[in-house]
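Coordinate inspection notes
Below are the chains, spelled out letter by letter.
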Amino acid sequence: MKFATKAIHAGVHPDPETGAIMTPIYQTSTYVQRSPGDHEGYEYSRTHNPTRTQLQDNLAALENGQWGLCFSSGMGAIDTLVKLLKPGDEVIATNDLYGGTYRIFTKVYENYGVKFHFTDLGNAENFEKLINENTKMVWMETPTNPMLTIIDIETIAKVAMSKNILSVVDNTFASPYLQNPLDLGVDLIMHSVTKYINGHLDVVMGAIVGNDATLQERLAFIQNACGAVPGPQDCFLVLRGIKTLHVRMERHCENGRKVAEFLKSHPKVDKVYWPGFADHHNHVIAKKQMKNFGGMISFTLKDDSIASAEKFLSTTELFSLAESLGGVESLCGHPASMTHASIPREERMKSGLVDSLIRLSVGIEDADDLIADINQAL
Ligand SMILES: Cc1ncc(COP(=O)(O)O)c(C=O)c1O
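A few points on the structure.

Some remarks on the nonpolar core
Of all hydrophobic cores here, the largest spans 83 residues; its most connected members are Leu 59, Leu 263, Phe 299 and Leu 360. With seven residues, the single largest contributor to this core is helix α10 (residues 245-265). In this view, Phe 299 contacts Leu 263, Val 269, Lys 271, Val 272, Phe 312, Ser 356, Leu 357, Ile 358, Leu 360 and Leu 378; residues no more than four positions away in its chain are not counted.

Next up, the structure:
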């Protein structure tokens, strides 16, 4: 099946009892057994739930993977992935990544003896330089949050595979519509399902997708043992959101291009970060590994101060100032004080995350209205 068909049909089936076309919300914690161990494959909803199973199967299909696992948040999925490691293991991660990921790595897992190295994986050779015998995982996020750096997934995955290093891509910004990292050779994909996949700013959820059966077994064990699972109502909402993922993403990309081009032409704007520009550092790689360039854009102001960024952010009307991204509603944010506040200033300045940097999640409203809103705010 092609993507649009998979978004609507993969992994989901009409309810065998009633014929209901929509996956029912199995709002149950437990399942009756005829005699101990004699059941329909479901015993307890932390372990399995039929609404979650259909969502997991659908997500696996969207990423061209063999299996999927859902979690109560993107952070729950990241937490589960790090639990594959043990004290003494080392991780090489891109230095421009979601602040919460940086926080769990440095503030939680360093205390358990896992070591993290941060480097610009936008230059693939930086990866090899940091590999040693303890390196067990490489963590990519591409496009990165918020600098929209593009990492060459295939090149990094190839090096990782040759050295027995587990490769992971946080595919949240691209969504499975724009990019399928398993096809490029990575071992595991994680998503903040909260973002484009659900698309309607009404659910918090995470997912992991992969091909390897041993990894599935280990991760499903942690999922059940630690318990960061989503409820069936949220799984239902995400299944509904996914049915329009391809249509929404097309419009996000179309609007993203128009907004990025407008910003680039504006006299008060300094830099515009969007991988669709031919002069973007890794535009050629973006073109190779992504179907289109998405609706996430970051830009800086010529007056590079927190005050001028705050003025813009409190003046927009259609772009709501809020955490999160990937919904049909346009959002704007100030990474330095919001999503990336947990990253020290010196660390964020290294990757270009300056005080006036503003991040836009361009929604699917009318592009002319969005541009008019940005124009009046500038
Ligand atoms: C790229 C990225 N990864 C992971 C996360 C964490 O996901 P969640 O907020 O669903 O826990 C986020 C949240 O903003 C994100 O933007």
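Digging into the site of the ligand
Neighbouring the ligand are 13 residues, the closest being Gly 74, Asp 170, Ser 192, Thr 194 and Lys 195. Here an oxygen atom of the ligand and a side-chain polar atom of Ser 192 are 2.8 Å apart. Between an oxygen atom of the ligand and a side-chain N or O atom of Thr 194, the distance comes to 2.6 Å. Split into classes, the residues belonging to the shell around the ligand amount to four nonpolar, six polar and three charged.

Overview of the side chain of Gln 179
Note that Gln 179 resides in the loop between α7 (175-178) and β6 (188-192). Note on Gln 179: relative accessible area 1%, which makes it buried. Each residue touching Gln 179, except ones within four places of it in the same chain, is listed here: Glu 63, Thr 142, Ile 153, Asn 171, Ala 174, Gln 289 and Met 290.

Here we look at helix α9 (residues 232-242)
Every buried residue of α9 is listed here: Pro 232, Cys 235, Leu 237, Val 238, Leu 239, Gly 241 and Ile 242. Elements that come into contact with the buried residues of α9 comprise α1 (3-9), α2 (50-62) and α10.

Looking at the sheet that holds strand β9 (residues 296-301)
Strand order across the open sheet formed by five strands is β8-β9-β12-β11-β10, with mixed pairing between neighbours. Each end of this open sheet is capped by a strand with a single partner; those strands are β8 (269-273) and β10 (320-321). Strand direction decides the pairing type here: β8 and β9, joined by three bridges, are antiparallel. Within β9, the position partnered with Tyr 273 by the bridge is Ser 298. Against the sheet, α10 engages β8, β9 and β12 (358-361), with an angle of about 10° to β9.

Scoring rules and cut-offs
Residues numbered from 1 in each chain as written. Predicted model: local features only at pLDDT ≥ 70, side-chain atom pairs only at ≥ 80, totals over all residues. Heavy atoms only, no water. Core = buried A, V, L, I, M, F, W, Y, C linked by side-chain atoms within 4.5 Å. Buried < 20%, exposed > 50% of the residue type's maximum accessible area, 1.4 Å probe, protein only. Helix = DSSP H or I, 4+ residues; strand = E, 2+ residues; numbered from the N terminus. Contact = heavy atoms within 4.5 Å. Near = heavy atom within 4 Å. Polar contact = N/O pair within 3.5 Å; in protein donor to acceptor, adjacent residues only side chain to side chain. Nonpolar A, V, L, I, M, F, W, Y, C, P; charged D, E, K, R; others polar. Pairing = 2+ DSSP bridges. Axes fitted to C-alpha atoms, helices over the stretch in contact; angles between N-to-C directions.

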